[in-house]
Amino acid sequence: MAESKRSTGRLSTFRDSVKKLTERLSEGDLDPVRKNDEPMREVEKLRIQIQTMEDELRQLHQSRYQLEQAQKQNEKLTSTLQEAKAQIEALREEVDKLTAPPSTYAIFSSMNPDATANVYVSGRKMKVNVHPSIKTKELRKGQEVVLNEAFNVIESRGFDGQGEVVRLKDLLEGKRALVTLHFDEEKVADLGEPLLAERLSVGDHLLYDARSGYVIEKLPKSEAEELVLEEVPDVSYEHIGGLSKELEQVKDAVELPFLHPELFAEHKLSAPKGVLLYGPPGCGKTLIAKAVANSIAKKLEHLTGKEVRSFFLHVKGPELLNKYVGESERQVREVFKKAKERAADGNPVIVFFDEMDALFRTRGSGISSDIESTIVPQFLSEIDGVERLRNVIVIGASNRQDLIDPAVLRAGRLDVKIKISRPDMLAAREIFSKYVTPDLPFAAEELERHGGDRRALVDRMVGLTVEAMYAMSE
Ligand SMILES: Nc1ncnc2c1ncn2[C@@H]1O[C@H](COP(=O)(O)OP(=O)(O)OP(=O)(O)O)[C@@H](O)[C@H]1O
Ligand SMILES: [Mg+2]
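Residue numbers here run from 1 along each chain, matching the order of that chain's written sequence. All chains are assigned letters beginning at A, and all ligands numbers beginning at 1, according to the order in which they are written. Per-residue local features are limited, in this predicted model, to residues with pLDDT of at least 70; the limit for side-chain atom pairs, both in listing and counting, is 80 or more; totals at the level of whole chains, interfaces and linings are taken over all residues.

Asker: How would you summarise the pairing of strand 10 (residues 214-219) if you had to cite specific residues and measurements?
Answerer: What makes two strands pair is DSSP finding at least two bridges between them. Secondary structure elements are taken from DSSP: a helix is a run of H or I of four residues or more, a strand is a run of E of two residues or more, and numbering for both begins at the N terminus. Pairing of strand 8 (residues 186-191) with strand 10 involves two bridges; the strand directions are parallel. Across the sheet, Asp-190 pairs through a bridge with Tyr-214, a residue of strand 10. In the sheet, strand 9 (residues 205-209) pairs with strand 10 via five bridges, with the strands oriented antiparallel. Paired with Leu-206 across the bridge in strand 10 is Lys-218. The antiparallel pairing of strand 9 with strand 10 creates a hairpin that spans four residues between the two strands, and Gly-213 there sits at a positive phi of about 80°.

Asker: Which residues make up unusual backbone geometry, and what values do they have?
Answerer: Not every positive phi belongs to a glycine, and Ala-115 is a case in point at roughly 65°. Tracing the backbone shows Ala-115 in the loop between strand 1 (104-111) and strand 2 (117-121). To sort residues by exposure, count the other C-beta atoms lying within 10 Å of each residue's C-beta; 20 or more gives buried, 12 or fewer gives exposed, and values between give partly exposed, all with C-beta atoms placed from the backbone. Exposure remark for Ala-115: the 10 C-beta atoms within 10 Å place this residue in the exposed category. A positive phi angle, near 55°, is found at Lys-268, a position not held by glycine. In this fold, Lys-268 is placed in the loop between helix 7 (261-266) and strand 11 (274-278).

Asker: Give me the site of ligand 1: which residues, what numbers.
Answerer: Whether a residue is near a molecule or strand depends on its C-beta atom, generated from backbone atoms, being within 6 Å of that molecule or strand. Taken together, 15 residues lie around ligand 1, and Pro-281, Gly-284, Lys-285, Thr-286 and Leu-287 are the ones closest in. Per-element accounting of the shell around ligand 1 gives the leading share, three residues, to helix 8 (residues 285-304). Basically, the charged four are Asp, Glu, Lys and Arg, the nonpolar ten are Ala, Val, Leu, Ile, Met, Phe, Trp, Tyr, Cys and Pro, and anything else, Gly included, counts as polar. Across the shell around ligand 1, the residue classes break down as seven nonpolar, six polar and two charged.

Asker: Could you give an account of the packing of helix 13 (residues 425-435) against helix 15 (residues 454-470), naming the residues involved and the relevant values?
Answerer: Between helix 13 and helix 15, the shortest axis-to-axis distance is 10 Å and the interhelical angle comes to 140°. With respect to each other, helix 13 and helix 15 are oriented oblique. For the element pair helix 13 and helix 15, the recorded crossing hand is right-handed. Along the contact surface, helix 13 presents Met-425, Ala-428, Arg-429, Phe-432 and Ser-433, while helix 15 presents Val-462, Thr-465, Val-466, Met-469 and Tyr-470. For the contact of helix 13 with helix 15, the per-class residue count stands at seven nonpolar, two polar and one charged. To define axes, lines are fitted to C-alpha atoms, for helices over the stretch in contact only, and angles between the resulting N-to-C directions are given on a 0 to 180 degree scale. Here roughly perpendicular refers to angles of 65 to 115 degrees, roughly parallel to angles under 35, roughly antiparallel to angles over 145, and oblique to all remaining angles. Handedness of each helix crossing follows the sense of rotation of the near helix against the far helix: counterclockwise by less than a right angle gives left-handed, clockwise gives right-handed. The contact criterion used is a C-beta to C-beta distance within 7 Å, with each C-beta placed from the backbone.

Asker: Just give me the short version of the nonpolar core, but keep the residues and values in it.
Answerer: In terms of nonpolar packing, the biggest core is built from 55 residues, with Leu-277, Val-351 and Ile-395 touching the most fellow members. No other element matches helix 8, which puts nine residues into this core. Setting aside anything within four residues of it in sequence, one finds Ile-395 in contact with Val-254, Gly-274, Val-275, Leu-277, Ala-289, Ile-350 and Phe-352. Note on terminology: a nonpolar core is a set of buried residues of type Ala, Val, Leu, Ile, Met, Phe, Trp, Tyr or Cys, with members joined through C-beta atoms within 7 Å. Listed in part, the 22 residues of the second largest apolar core include Ala-117, Val-119, Val-130 and Val-166.

Asker: Describe the packing of helix 6 (residues 244-259) against helix 8, listing the residues and the values that go with them.
Answerer: Put simply, helix 6 and helix 8 touch, their axes get as near as 10 Å, and they point 40° apart. Regarding the angle of helix 6 to helix 8, the classification is oblique. Judged by the twist between their axes, the crossing of helix 6 over helix 8 is right-handed. Here Leu-247, Val-250, Val-254, Glu-255, Phe-258 and Leu-259 of helix 6 come into contact with helix 8, specifically with Ile-288, Val-292, Ser-295, Ile-296, Lys-299, Leu-300 and Leu-303. The class makeup of the residues in the contact of helix 6 with helix 8 is 10 nonpolar, one polar and two charged.

Asker: Give a detailed account of the environment of Ile-350, specifying residues and quantitative values.
Answerer: One can find Ile-350 in strand 13 (residues 349-354). The buried category is assigned to Ile-350, around which 28 C-beta atoms lie within 10 Å. As for Ile-350 and Gly-274, which are separated by 76 residues in sequence, their C-alpha atoms are 9.3 Å apart. Residues within four places of Ile-350 in sequence aside, it is in contact with Val-292, Ala-293, Phe-312, Ile-393 and Ile-395.

Asker: Can you tell me about the pairing of strand 4 (residues 144-147), naming the residues and giving the values?
Answerer: Residues Val-145 and Leu-147 of strand 4 are buried on one face, while the alternating residues Glu-144 and Val-146, pointing to the opposite face, are not. As paired elements, strand 1 and strand 4 share four bridges and run antiparallel to each other. Across the sheet, the residue bridging to Thr-104 is Leu-147, located in strand 4. Relative to strand 5 (residues 153-156), strand 4 is paired through three bridges, and the arrangement is antiparallel. Across the sheet, the residue bridging to Val-146 is Glu-155, located in strand 5. Joining the antiparallel neighbours strand 4 and strand 5 is a turn of five residues, in which Phe-151 adopts a positive phi near 60°.

Asker: So, the sheet that holds strand 13: which residues are in play, and what are the values?
Answerer: Pairing is parallel in the open sheet, where five strands are placed in the order 12-13-14-11-15. Only two strands of the sheet have a single partner each, and these edge strands are strand 12 (311-316) and strand 15 (416-419). Shown here is a sheet whose adjacent strand axes are inclined to one another by a mean of 20°, direction ignored. Direction of pairing for strand 12 relative to strand 13: parallel, over a ladder of six bridges. Bridging across to strand 13, Lys-316 finds its partner in Asp-354. Its contacts with the sheet put helix 6 on strand 11, strand 14 (392-398) and strand 15, and the angle it makes with strand 15 is roughly 155°.

That's the geometry; what it means functionally is another story.
Written as structure tokens, this is what we have:
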């Protein structure tokens, strides 16, 4: 730049002196050819000089333009280079990823004081290091982790969703469990963290990870087990109207052996194993069985002063019938097996067979298919086996006790038979009073007629209804 400015300045001074010379020449001398030979030559020289300088200038301009052009190109090249570099880096990352060795999955067990972790790698217990980015406090027993090729924990995962199904046989000290695998093989397993907070009961199906020996999940019950309801029903004696005599009998037969086994021992009596409630439909058989189960739990709690879990296995006769040979028998066996498991820890268990006549028909009666010829003996052998076990009582209910195989009802099996008959007038009144209560919304008109006394209204309504029901004439 400075160069070109200087040249331009020089050029203009040259131009000026040439101009002056030319003026002088044209003004003074008449014989320029002769007199001014010398200056003319100088002028010519100068002119040539100007010419070269102008050429130089042009060249200068040209190179400046070229320089700018080159600079631009340079910039473009730099950005292209940068782009290429980024692309190469991305590719390298991809190559790194693809050529990385495979990672191993392991099951986390516990942390050691030296900040290493104990994990199970396909059945082998290993002590490994943990990557600093892993929050060791958040690792949970039984959880899956990922190990790199140096067997360092580099990632924490969830809990594996697959494994063997096992049954819980017992809970042991130290967060362990006794579980039953296939073919009644038994094993002691550690409880995974998700199960520590879970309420587990004997017979629960659990997900077992054979590689680590942890049980990590409680599974839903299988179909066969859903047949039997296990919660203690929410029905108490107060819900039952009438039937006080029958209830007394049921209590003697069912509650006493649970609450006062010493009395039976004292009199050298064996406690009854079962009770059959029979009678016309809809008169409270199922209701009584539920109330008994509920009451036993409450009374035992009161007696022992600690929480008692009583179990009520509700077997609905027809639901147990299965078209496959041997399947119904297997289910009867399952029911008793379950009852025994539950009773083993001293919990009272009531096995309630509703609609008993559907299952245990008199053999050879020809009334139904031949299923009873095998299911009755199965039941008999099970109930005879109950002898070895305390705390299990069988309650049967039926409205056709005449169809039940006599062997089922023989002494030593369901030997206490209690008839639940239709209510008489008094009982009917009581039953009504359980349902027609003063807090129901009555018609204002009716209320007024009784001076707003709801109790009186209820009594009169029930009285009238019962009288009408039991009237001998139309
Ligand atoms: N004594 C009663 N006190 C109060 N409610 C009763 C009584 N008897 C029957 N009920 C009512 O009738 C319903 C049917 O009774 P429940 O199921 O006990 O009859 P069931 O004797 O088992 O009949 P089924 O032989 O048909 O099974 C009960 O849910 C209850 O609401
Ligand atoms: Mg019933």
